Amino acid sequence: MLKKIATTSLMAIVLIAGVTSPVHAAAVKQGAACTKSGAKATSGKNSYVCTKNPTTTSAKLVWITTDCVTAAKTYLSTKSESDNFVSQQTTAMAKIKASIASWQNVIVLLDQKKTALSTNLYTVDTDRVTKQPIKVTGLDAAIAATQAKLTDLTSKRDAALAKSTASTTSATDKLNWTKAVNSYNMAIKTKQRDLDNLNQVTAKIDADRARAVSQVATMQSQLDASTTAQSELTSQITDGANQALKFRTLACKAGI
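Residues numbered from 1 in each chain as written. Predicted model: local features only at pLDDT ≥ 70, side-chain atom pairs only at ≥ 80, totals over all residues. Heavy atoms only, no water.

Visitor: How should the pattern of salt bridges be read in this particular structure?
Guide: When their charged atoms lie close together, side chains carrying opposite charge are able to pair. Scanning the model with the defined rule gives seven salt bridges in all. Between R209 and D111 there is a salt bridge whose closest N-O contact spans 2.5 Å. Of this pair, R209 sits in helix α4 (residues 171–251) while D111 sits in helix α2 (residues 66–115), placing them 98 residues apart in sequence. The class of R209 is partly exposed, set by a relative accessible area of 31%. A salt bridge links R157 to D158, with the shortest nitrogen-to-oxygen separation between them at 2.8 Å. Given the relative accessible area of 38%, D158 is considered partly exposed. (Salt bridge = Lys/Arg side-chain N within 4 Å of Asp/Glu carboxyl O. Helix = DSSP H or I, 4+ residues; strand = E, 2+ residues; numbered from the N terminus. Buried < 20%, exposed > 50% of the residue type's maximum accessible area, 1.4 Å probe, protein only.)

Visitor: Sorry, what's going on with helix α3 (residues 139–165) here?
Guide: Owing to its 3.6 residues per turn, the α-helix brings residues three or four apart onto one side. Under the 1.5 Å per step criterion, the end-to-end length of α3 is 39 Å for 27 residues, consistent within 8% with the ideal 39 Å. Three or more residues of α3 are buried, namely L139, A142, I143, T146, K149, L150, L153, R157, A160 and S164. Looking at the packing, one finds that the buried side of α3 touches β5 (121–126), β6 (133–137) and α4. (Expected span 1.5 Å × (residues − 1). Contact = heavy atoms within 4.5 Å.)

Visitor: I keep staring at the pairing of β5 and nothing clicks. Help me out?
Guide: Successive side chains on a regular strand alternate, one facing one side of the sheet and the next facing the other. Strand direction decides the pairing type here: β5 and β6, joined by five bridges, are antiparallel. Across the sheet, D125 pairs through a bridge with I134, a residue of β6. As consecutive antiparallel partners, β5 and β6 are separated by six residues, and within that stretch K131 has a phi angle of approximately 65 degrees, a positive value. (Pairing = 2+ DSSP bridges.)

Visitor: Whenever I open this one, the pairing of strand β4 (residues 61–65) confuses me. Can you help?
Guide: With four of its five residues buried, β4 lies for the most part within the structure. Inspection of the sheet shows strand β3 (residues 46–52) paired to β4 by five bridges, in the antiparallel sense. Bridging from a neighbouring strand, T51 pairs with V62 of β4.

Visitor: Would you explain the packing of α2 against α4 in this entry?
Guide: If you want to describe how two helices pack, look at the angle between their axes and the distance between the axes. Two elements in contact, α2 and α4, have axes whose closest approach is 8 Å; the angle formed by their N-to-C orientations is 165 degrees. As the angle between them shows, α2 and α4 are arranged roughly antiparallel. The two elements α2 and α4 meet at a crossing, and its hand is left-handed. When its residues are assigned to classes, the contact of α2 with α4 shows 26 nonpolar, 15 polar and 11 charged. (Axes fitted to C-alpha atoms, helices over the stretch in contact; angles between N-to-C directions. Parallel < 35°, antiparallel > 145°, perpendicular 65-115°, else oblique. Left-handed = near helix turned anticlockwise from the far one by under 90°. Nonpolar A, V, L, I, M, F, W, Y, C, P; charged D, E, K, R; others polar.)

Visitor: Looking at this structure, I do not really get the nonpolar core. What am I missing?
Guide: Nonpolar side chains in soluble globular proteins generally cluster together in the buried interior. Counting residues in each nonpolar core, the largest one holds 14 residues, and the members touching the most others are L117, Y122, V136, L139, A142, I143 and L198. Within the residue set of this core, elements represented by two or more residues are β5, α3 and α4. In terms of residues, this core owes the most to one element, α3, which gives five residues. Membership of the second largest hydrophobic core comes to nine residues, among which are I100, A212, V216 and M219. (Core = buried A, V, L, I, M, F, W, Y, C linked by side-chain atoms within 4.5 Å.)

Visitor: Help me understand the packing of α3 against α4, please; the structure alone is not making it clear to me.
Guide: Direction vectors running N to C along α3 and α4 enclose 160 degrees, while the axes themselves pass 8 Å from each other. In terms of orientation, α3 lies roughly antiparallel with respect to α4. The handedness of the crossing between α3 and α4 comes out as left-handed. Residue composition of the contact of α3 with α4, by class: 16 nonpolar, nine polar and seven charged.

Visitor: Could you clarify how one ought to interpret the state of the cysteines in this entry?
Guide: Each disulfide consists of a covalent bond between the sulfur atoms of two cysteine residues. As enumerated under the stated definition, the model contains two disulfides in all. What pairs with C68 in a disulfide is C252, and their sulfur atoms sit 1.9 Å apart. Residues C68 and C252 are joined by a disulfide whose S-S torsion is about 100 degrees; by sign, that bridge is right-handed. With a gap of 184 residues between them, C68 in helix α2 and C252 in the segment after α4 connect regions that are remote in the sequence. Comparing C68 with C252, the two get one shared label, buried. (Disulfide = S-S within 2.5 Å.)

See below:
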């Protein structure tokens, strides 16, 4: 009777210990079914935990080694870093490509703008009678007309200046001719500014185009360098993720 009681007590101790400490069961193998999530067990040199197999989509609880748990976490971390890197690099290169395309569009627009210089209408003066603008076709014609008007204004200004300083001119006329000189000078200044602007049109387009071409070349070099660097780094990072996957596969192999 005493022996039976002792045996029963020992069994009770073992059962109680099983609730608070890892289970030591030689029969526990990786992939074997278990019932309590988070339960722990040891078998030989391996430690196990009862959870879902990280290498499958199954929701069933099975015993897996702690090495499998660690390998699974390492793989997920490595894979996440690899995916983030590729995503960031892809976004960065997409921005460079978009910028290149934008500058290429600028070049096209500037070429069109330069071509249109020969057909654009330019206002070069105002008709004194009708008060309507006088227009010519093409930049070259506009420059020639503006230069001709500037020459005419300068000639009239010089003539007025001569009248204003002539000894035979009365004081009243001198005052009027001086006012005319000032008026001509203002008109000459305006017309000279117009001529300067017209002369700078082609040069500005050429300068803007050269800048755009330079930008495209610079960004294309950046894109080429980024593509090469991304290819090398992606290969290295992907290899790391693949190695982590292989290690997880081995560590989570059934039957261990």
